[in-house]
Every structure is written in C-alpha cells, then in structure tokens.
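Read off the chains here:
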Amino acid sequence: MADTSPPEFIATTKRIDPPLADRANPAFSPPMTPEQIGGKGLDDVPSLPPSPIVPTNTPSDINIPDNYVTHTLANQKHRPPITFRNVLQNINWVSFLVLTVTPTLAVFGCFTTAFNWKTALWSVIYYYITGLGITAGYHRLWAHRSYNASVPLEYALSFAGAGAVQGSIKWWSRGHRAHHRYTDTKLDPYSAHEGFWWAHVGWMIFKPRTKIGVADISDLTRNKVVRWQHKHYLPLMIFMGLIFPMAVAGFGWGDWRGGYFFAGAARLTFVHHSTFCVNSLAHWLGEAPFDNKHTPRDHFITALVTVGEGYHNFHHQFPMDFRNAIKWFQYDPTKWFISTMALFGLASHLKKFPDNEIKKGQYTMKLQRLAEESGEITWPTDSNHLPVISWDDFKAEAKERSLVVVGGFIHDVSSFTEEHPGGAHLIKRAIGTDATTAFMGGVYDHSRSAQNLLAMMRVGVLYGGMEVEHLKSRPFESPASTASPSIASSSAFSSSENLVGVARMSKQERELELELDSYRNSISSAEIEKHKTYDKTTLHIPPSEMLVIARSTPRRRPGFQFGDDIGSGPGSEQGLSRSDSLVSVTQAQRIGELGSL
Ligand SMILES: [Zn+2]
Ligand SMILES: [Zn+2]
C-alpha cells in the first residue's frame, strides 16, 4: 500500500502521526504530499469514488516543508509527452467516455427528437440547478468555504452537483484547492500554462503528466454531507444526471425521450463545458484588474457561460469571498443565489473581503497600467542629461538661434516661433531672455499642454537656474561696492549682471554665497566640473512646482539662520517677497546639497 516513510528532505521537520482512523485506511485519507504517497499521485485522476471517506483532524499538508513547491517541481516524476504512439495508453477512459458519449447523445437527440418547449424550458432550468450545484455548492461552499449552508441546503447542493457529473465534492474540491494554491505551475491540475485545451478538457481526458500539489481537505472529511455524497456518488450521479431530468419531463408532460436527450445529455454537455470554461476561458479572456501575476482574468462573456464564475481575476485574489462579481450589475447568479438563500435563513456567514483591501489591488494595477502608458510617451529630456550653460553663453548662443529660458531650462524655440498661437512677435521678444514670468502668467498663463510642448524643446539647463529670474526681478539698489573680490572673481558670478545681483544680496545671502564660493575655490576645476550639478537641484523642480514654492512661505531647514535684513520671526517670513522666497529655497538647497557632497 502507500509508503508513509518521510522523504529525505523533510526529515528535520517534526512529524505528526496521522490519527488511527487515517492509518487504518490510508488509501482514503486526504491526499498526502506526493512524496508521502509514493506512486499513487500520478493516478490521481477523475474516477468514480469507490468507498467512504474517513474523517480526520490531521491536515494533509501538516508536514509540508518550506521548500515543498521548489523541491517538488524540481524532483517529481513526469510522464513522458503524449505522442501518436502512446496516446492510447495515456487516455483516462472513464473521463474520456463521459466527455465524448454525452455530447454524441446530445447531437443524436437534437436530430431525432421532436422539440417540446416545456422540455426546452426544463432543460434550461435544470442547467442552472446543476450549474449552481457546482458553483454555489462544490466551488464556493465546499472548495472555498465562503459561507455556511444549512443542512437542507447542503444536501440540495450535493444532489444538484451530482447531476453535473463532475466527480464527488471531495475529489472536485481537492483538485480545485490545488489549482488555487499552485496556480499556473505544474502542481496545478489544470494549469493554464499547459494550453487552453489542456486546461479545458485535456487534463481529464489524459492521465495527469505529474502528481498534483498537496492541498488539505481534512475539513471536508469531517463534513457529513460530503462523506455521504462521496459514498453514494455513483447512484446519485446516474440518478441526478439522467434519470431525474428525464423523469420530470416524462411524468410532467410525457416527453421521456426529450427529457433524456435535452434535459439529460444536452444539458449535461452544456454544464460540463460551462464549468470547464472556468479553467480555460477564465484564465485566458479578459482583464486583470486586481493582479496580473497569474493567468486568471475577468470577463463578462466568461461570467455568462459559467453561471457567474467569470470574474476569475477577482476570485483568485479573494477566493473566500462568496462573490465573484463585486458590482451589483455584474452577472453573478451564484452570488444572487447565495444571498437569496441567506435571506431565507438557509445560508449564513457570507464572507466578503473588505472593500479597502480590494481597492488596494485595483489601485496597484491602475498604477502599473499608468506606468506602462508612460513608457509609450516621449518625455522631455531630464535635467541630468542636458548641458549646463552659463548665462553669458546662453546670451551669446541666443544671437545665433532662438533660445529662451523658462523655469531654469533653455529652450530652442526655432521650430515653434511661427506656430505660436499668441503670435511670433511675443516669442521673438523673449529670445535671449528669461521669459519665466511672461510664460507663467505675466503675459499669458500657459496651459499644461503648452508647458509640456515647451519642455520638449529643452536644449540645456541654465547655470544658476531660477536665480537669474530673481536677479532680474529685483529693483536696483546700490552699486557693487560690497561685493567681495572672491565672489566677483568666481566663475559663477563673473557676469556683470550677476555682480549687480550679488551687490543686492542680503547679508545672510552673501554669507551663504561666500561659503559656497570658498567651497568652489577649495576644489580643483576638474572637481568643479564633477560637482557642477549641485546647482541643478533647483532645476529638478518642475516649473509649475517652482511657482508653488515661490508663492508659499519657504520652510527653513534646521540650522539655517536668516540675517537681520530678512528677518527670522514667523511674521517676517510671511512678508517675504516672491524673489526672496525663491532665493531662500535656492540657497537652502545649495547648502543642503553641499552638506551631502
Ligand atoms: Zn482558476
Ligand atoms: Zn475557486
């Protein structure tokens, strides 16, 4: 019988012996890990359950090692690929006959049996009854425990599920739990990665190519209805699959033949492929609004053909939610059925994942889609990839081509001048100047798309960035008598405009500039080149953000002392002019950047 000796790789884990009941009849215990049950797993295929389940409290995966999946995937045996030569030996004949004879009977019946609208209606109704047996019963109640059902409802669902002829609750749920635990891997009994038709019917028609992953169903072994249905599955299946639908049509309106072919065979074919679509179509068609790590997808068409199981992306994310479709208008008759049963007191403890957690998944996927969209858009050149140009060089270059500074970036507007909606003259006037104020509302408050368009014309970064704007906006106060020689001689302040600007600086600003200047002098010119980008920190702020900063009171950094002429109290902070604010931000960033160099 089964070899229960622990495999080598789990020898270090503490082994809990199964209770007596399990040991007495190991063949019908819940599936053990494939290693534990030796060669049996390869034959774990849909078959008619021969004998009762023994209740157990021992989860089948209690001794599962941490490396179970990787170890099993790497070491377990695989059947050889199916070829024309070995195909007959690889067919699982029970499933094959059920899945081929039934549709053949249905087709034969369609061409040889008179149409009866009562039988047609009954077939549709019975399709939904047996479909719900699978979706509301096998799937959401037993495989996922997404709600509690009263005993009468459990029996009704076990009957209805038997009428769908898809194996017992125990067998079905065990495979489905493995499907959820090992989705898309070789341990998934109907992995979508093995192909659409393999996931649809192939996995039942052919013998499994490898053992499926362990999944605990010890809770189901303790369920009276599950045990009862498993024990009597064969007669239940024949009765509910063919005899009952035929009898209703026969006793009801005398259409025995129609009952057999339409409500029996044809309806069964539809129920089969409806359920199979959950494994194939629901892992192939539609979108992944909650997570795209695995193959499950959401689609209305899948929902339509699977009695509401089509929101499969949601279902794989939140399998214990009694719903598949979370919006009221989405087609999910199974959810409506369970809610109705709850209204009548036949179902309770309907589980719902918190909306907040559901929204997190949706939000993450939206962000991912946005990132993908962003990748398809050409963005303006980043300041890190643009040359840093001095004001003098910019002025000189602007004589040769149409260069305009806006927001610390130098733009070549040659190709756009004539296209400018406001007229070419306004652009021509701005050439060789810092037009930030005019662009940002001084003359016209340009739209975001205009800003985006302008950004595409970037050709350089202005050395000193917004500082030039600040210098321009200050009223002339006094000559450059107070400028220190070191500042005047430094490369950053060599232009006459900058000299005037330095002269207008407050005491505290001058101190900062002196500090900056001594830093510059302390390193070699090569080092200056290397560290030249420190000024660009101001330019990492998009122009629109700069205005926001400029309009608000600058936050002072710890240790950042303001001079008397700027003031240090909260009241004087609010009194800062726009240019004061800008220079404060700029200086603070410089100091911060220097400290980190
Ligand atoms: Zn699935
Ligand atoms: Zn499921």
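Chains are numbered independently. Their residues run from 1 in the order of the written sequence. Each chain takes a letter, starting from A, and each ligand takes a number, starting from 1, following the order in which they are written. Residues qualify for local features only when their pLDDT is at least 70, as the model is predicted, and side-chain atom pairs are given and counted only at 80 or more; totals for whole chains, interfaces and linings, by contrast, use all residues.

1. Concerning the overall build of the protein
Stage number 1. The helix and strand inventory of the protein stands at 27 helices and six strands.
Stage number 2. Going through the 597 residues of the protein one by one, you find that 38% of them count as buried.
Stage number 3. Remark: residues whose backbone-derived C-beta atoms lie within 7 Å of one another are considered to be in contact. In the protein, of all internal contacts separated by at least 6 residues, the share reaching a separation of at least 24 is 73%. Only DSSP runs of H or I reaching four residues or more are called helices, and only runs of E reaching two or more are called strands; each is numbered from the N terminus. Buried residues are those with 20 or more other C-beta atoms within 10 Å of their own C-beta, exposed residues have 12 or fewer, and partly exposed residues lie in between; C-beta atoms are placed from the backbone.

2. Some words on the nonpolar core
Stage number 1. For this entry, the nonpolar core is defined as buried Ala, Val, Leu, Ile, Met, Phe, Trp, Tyr and Cys residues connected by C-beta atoms within 7 Å. By size, the foremost hydrophobic cluster in this structure holds 56 residues, and its most contacted members are Trp 142, Leu 157 and Ile 338.
Stage number 2. Counting only elements with at least two residues in this core, the list comes to helix H4 (117-143), helix H5 (151-162), helix H6 (169-181), helix H9 (224-231), helix H10 (233-253), helix H11 (256-279) and helix H14 (333-343).
Stage number 3. If one sorts the elements of this core by residue count, H4 sits on top with 11 residues.
Stage number 4. When sequence neighbours within four positions are dropped, the list of residues in contact with Ile 338 reads Ala 136, Arg 140, Tyr 147, Phe 322, Ala 347 and Leu 350.

3. Some details on the sheet that holds strand S4 (residues 403-406)
Stage number 1. At least two bridges found by DSSP between two strands is the condition for calling them paired. Taken together, four strands build an open sheet; the order of strands is S3-S6-S5-S4 and the sheet is mixed. Each end of this open sheet is capped by a strand with a single partner; those strands are strand S3 (388-389) and S4.
Stage number 2. The sheet contact formed by strand S5 (residues 409-412) and strand S6 (residues 458-462) spans three bridges and is antiparallel. Its bridge partner being in S6, Ile 410 is matched across the sheet by Gly 460.
Stage number 3. Each of S3, S4, S5 and S6 is contacted by helix H16 (residues 391-398), which is oriented at about 140° to S4, the strand it contacts most. Axis definition: a line fit to C-alpha positions, over the contact stretch in the case of helices; interaxial angles, taken between N-to-C directions, run 0 to 180 degrees.

4. Considerations on the packing of helix H3 (residues 93-112) against H11
Stage number 1. Packing of H3 against H11 brings their axes to within 8 Å, and their N-to-C directions diverge by 130°. One way to sum up the angle between H3 and H11 is to call them oblique. In the crossing of H3 with H11, the sense of the turn from one axis to the other is left-handed. Facing Leu 99, Thr 102, Pro 103, Leu 105, Ala 106, Gly 109 and Cys 110 of H3, the residues of H11 in contact are Phe 261, Phe 262, Ala 265, Ala 266, Leu 268, Thr 269 and His 272.
Stage number 2. Tallied by class, the residues present in the contact of H3 with H11 amount to 10 nonpolar, four polar and no charged. When an angle is under 35 degrees it counts as roughly parallel; over 145 it counts as roughly antiparallel; between 65 and 115 it counts as roughly perpendicular; any other value is oblique. With the far helix as reference, a near helix turned anticlockwise by less than a right angle produces a left-handed crossing, and one turned clockwise produces a right-handed crossing. When residues are sorted by character, Ala, Val, Leu, Ile, Met, Phe, Trp, Tyr, Cys and Pro go into the nonpolar class, Asp, Glu, Lys and Arg into the charged class, and all the rest, Gly among them, into the polar class.

5. Notes on the environment of Cys 277
Stage number 1. You can see Cys 277 is positioned in helix H11.
Stage number 2. The spatial distance from the C-alpha of Cys 277 to the C-alpha of Thr 302 is 7.1 Å, given a sequence separation of 25 residues.
Stage number 3. Once you skip the residues sitting within four places of it in the chain, Cys 277 turns out to touch Ala 282, Thr 302, Val 305 and Thr 306.

6. Structural notes on the pairing of S6
Stage number 1. Pairing analysis gives two bridges linking S3 to S6, with the strands arranged parallel. Across the sheet, residue Val 388 finds its bridge partner in S6, namely Val 461.

7. Examining the pairing of S5
Stage number 1. Of the strand pairs in this sheet, S4 and S5 are connected by four bridges, and their pairing is antiparallel. By the bridge assignment, Val 404 is partnered in S5 with His 411.
Stage number 2. Connecting the antiparallel pair S4 and S5 is a turn made up of two residues, with Gly 407 showing a positive phi of about 60°.

8. Quick notes on unusual backbone geometry
Stage number 1. Phi at Arg 145 takes a positive value of approximately 50°, unusual for a residue other than glycine.
Stage number 2. Within the secondary structure, Arg 145 sits in the loop between H4 and strand S1 (148-149).
Stage number 3. With a phi close to 50°, His 349 is a non-glycine residue in the positive phi region.
Stage number 4. In this fold, His 349 is placed in the loop between strand S2 (347-348) and helix H15 (355-375).
Stage number 5. The exposure class assigned to His 349 is exposed, which follows from the 11 C-beta atoms found within 10 Å.

9. Some remarks on H15
Stage number 1. Helix length check: H15, at 21 residues, gives a terminal C-alpha distance of 30 Å against a target of 30 Å (1.5 Å per residue), a fit within 8%.
Stage number 2. In terms of burial, H15 is a largely surface element, zero of the 21 residues being buried. A helix is expected to reach a length of 1.5 Å times the quantity of its residues less one.

10. So, H6
Stage number 1. Given a rise of 1.5 Å per residue, 13 residues ought to cover 18 Å, and the 18 Å separating the end C-alpha atoms of H6 matches this to within 8%.
Stage number 2. For H6, every residue scored as buried is listed here: Ile 169, Lys 170, Trp 171, Trp 172, Ser 173, Arg 174, Gly 175, His 176, Arg 177, Ala 178 and His 179.
Stage number 3. Buried-residue contacts for H6 involve H4, H5, helix H8 (218-221) and H9.

11. Here's the deal with the confidence of the model for the protein
Stage number 1. A residue's pLDDT is the predictor's confidence in that residue, given on a scale from 0 to 100. Confidence in the prediction of the protein, expressed as mean pLDDT, is 78, and 69% of residues score 70 or more.
Stage number 2. A low-confidence stretch, residues 1-41 stays under pLDDT 50, and its non-local contacts, those more than four residues away or across chains, total 68 contacts.
Stage number 3. Here residues 530-541 is a poorly scored stretch, pLDDT under 50, and it has 27 contacts once near neighbours within four places are set aside; other chains count.

12. Considerations on the packing of H4 against H11
Stage number 1. Contact geometry for H4 and H11: axes closest at 9 Å, N-to-C directions at 40°. Relative to H11, the element H4 lies oblique. For the element pair H4 and H11, the recorded crossing hand is right-handed. On the side of H4, the interface is formed by Thr 119, Ala 120, Trp 122, Ser 123, Tyr 126, Tyr 127, Thr 130, Gly 131 and Ile 134, while H11 contributes Gly 258, Gly 259, Phe 262, Ala 263, Ala 266, Arg 267, Phe 270, Val 271, Ser 274 and Thr 275.

13. Let's talk about the environment of Asn 324
Stage number 1. Summarising the element assignment, Asn 324 is placed in the loop between helix H13 (312-317) and H14.
Stage number 2. Along the backbone, Asn 324 and Asn 313 are 11 residues apart, and their C-alpha atoms lie at a distance of 8.8 Å.
Stage number 3. For Asn 324, the contacting residues outside a window of four places in its chain are Gly 308, Glu 309, Gly 310, Tyr 311, Phe 314, His 315, Asp 332, Thr 334 and Lys 335.

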